[in-house]
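One-letter residues, chain by chain:
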Amino acid sequence: MNSIIENMLTRRSVRKFKENQISEEDLSTILMAGSYAPSGMGMQSWKFTAIQNPQTLKKVNEAIRQALLSIPIVEETHPYVVSLIEKAQDESAEFLYHAPTYIIVSNLKDNQNSMADCALAIGNMMLAAHSLGIGSCWLNQLPGLTHLPLIRELLNDLDIPKTHDVYGSVVMGYAAEEPKPADPRKDVINIIR
Ligand SMILES: Cc1cc2nc3c(=O)[nH]c(=O)nc-3n(C[C@H](O)[C@H](O)[C@H](O)COP(=O)(O)O)c2cc1C
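First, a word on scope: everything that follows refers to the structure included in this document. Computed from a prediction, not measured in an experiment: that's the story for all the values here. (Residues numbered from 1 in each chain as written. Predicted model: local features only at pLDDT ≥ 70, side-chain atom pairs only at ≥ 80, totals over all residues. Heavy atoms only, no water.)

With that settled, consider the site of the ligand. Within the structure, the ligand sits among Arg-11, Arg-12, Ser-13, Arg-15, Tyr-97, Cys-137, Trp-138, Leu-139, Asn-140 and Gln-141. In the model, an oxygen atom of the ligand is placed 2.5 Å from a nitrogen or oxygen of the Tyr-97 side chain. Isolated, the ligand exposes 610 Å² of accessible area, and the fraction of that covered by the protein chains is 62%. Looking at the shell around the ligand, its residues break down into four nonpolar, three polar and three charged. (Near = heavy atom within 4 Å. Polar contact = N/O pair within 3.5 Å; in protein donor to acceptor, adjacent residues only side chain to side chain. Areas by Shrake-Rupley, 256 points an atom, 1.4 Å probe, with all protein chains shown as cover. Nonpolar A, V, L, I, M, F, W, Y, C, P; charged D, E, K, R; others polar.)

As structure tokens, this is what we get:
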């Protein structure tokens, strides 16, 4: 098996991180790998906002917490969202797994390829990180809240264009846990010859 395939097969989501920061060089490599992902019509209309400043990470976490608290729980609210809203009641609730690096991937609101483009870019970044010994995990909270005014204010502060929504985000850092092994693969392959 070549090393690229092995890297794909051994990457696992990491949800507990050491405090030490990843190097500037590694961050640049990871972001560059994201920027080389394919994009519909080659538009590259995404933006990668990498946050390493501890105060800004706290601000993002608090904005997520406040945004969750602003959501009314009704009968139709998904149980996972209810659990997040309940978690947000705790002032010290942490939504970024205390990771030292958080990358927000935004893209045009009115481009039908935005989600696919961002997902491919994040996939590239997660694999690049893994190849450098850096753990990562996709986080869906911010993308799910992207339309709330409180989050839009945060995105403005982070220089994320007003024409953009957040389609994905990923935390990164050195793993402080052995991630759980991959689930057995489901039988989803059909080769028609
Ligand atoms: C679109 C997407 C959304 C996800 N959202 C979250 C999330 O909000 N929080 C989290 O801890 N993991 C999240 N994950 C990580 C998945 O739970 C994880 O990839 C999956 O359980 C498979 O594990 P593996 O990445 O170790 O192979 C997300 C993954 C994807 C692709």
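A few words on the environment of Asp-165. Its place among the elements puts Asp-165 in strand β4 (residues 164-173). On the accessibility criterion, Asp-165 (10% relative accessible area) is buried. On a C-alpha basis, the gap between Asp-165 and Arg-152 in space is 8.7 Å, while along the polypeptide they are 13 residues apart. In this view, Asp-165 contacts Val-105, Ser-106, Asn-107, Lys-109, Thr-146 and His-147; residues no more than four positions away in its chain are not counted. Reaching out from Asp-165, the side chain makes a polar contact with the side chain of His-147 at a distance of 3.1 Å. (Helix = DSSP H or I, 4+ residues; strand = E, 2+ residues; numbered from the N terminus. Buried < 20%, exposed > 50% of the residue type's maximum accessible area, 1.4 Å probe, protein only. Contact = heavy atoms within 4.5 Å.)

Moving on, we come to the sheet that holds β4. To summarise the sheet geometry, strands pair through backbone hydrogen bonds and adopt either a parallel or an antiparallel arrangement. Sheet architecture is open: four strands sit in the order β1-β2-β4-β3, paired in antiparallel fashion. A single partner strand is all that each edge strand has here, and the edge strands are β1 (47-51) and β3 (135-138). Each strand of the sheet is rotated relative to its neighbour by a mean of 25 degrees, with strand direction disregarded. Helix α2 (residues 24-35) rests against β1, β2 (101-108) and β4 of the sheet, and its axis sits at about 160 degrees to β1. (Pairing = 2+ DSSP bridges. Axes fitted to C-alpha atoms, helices over the stretch in contact; angles between N-to-C directions.)

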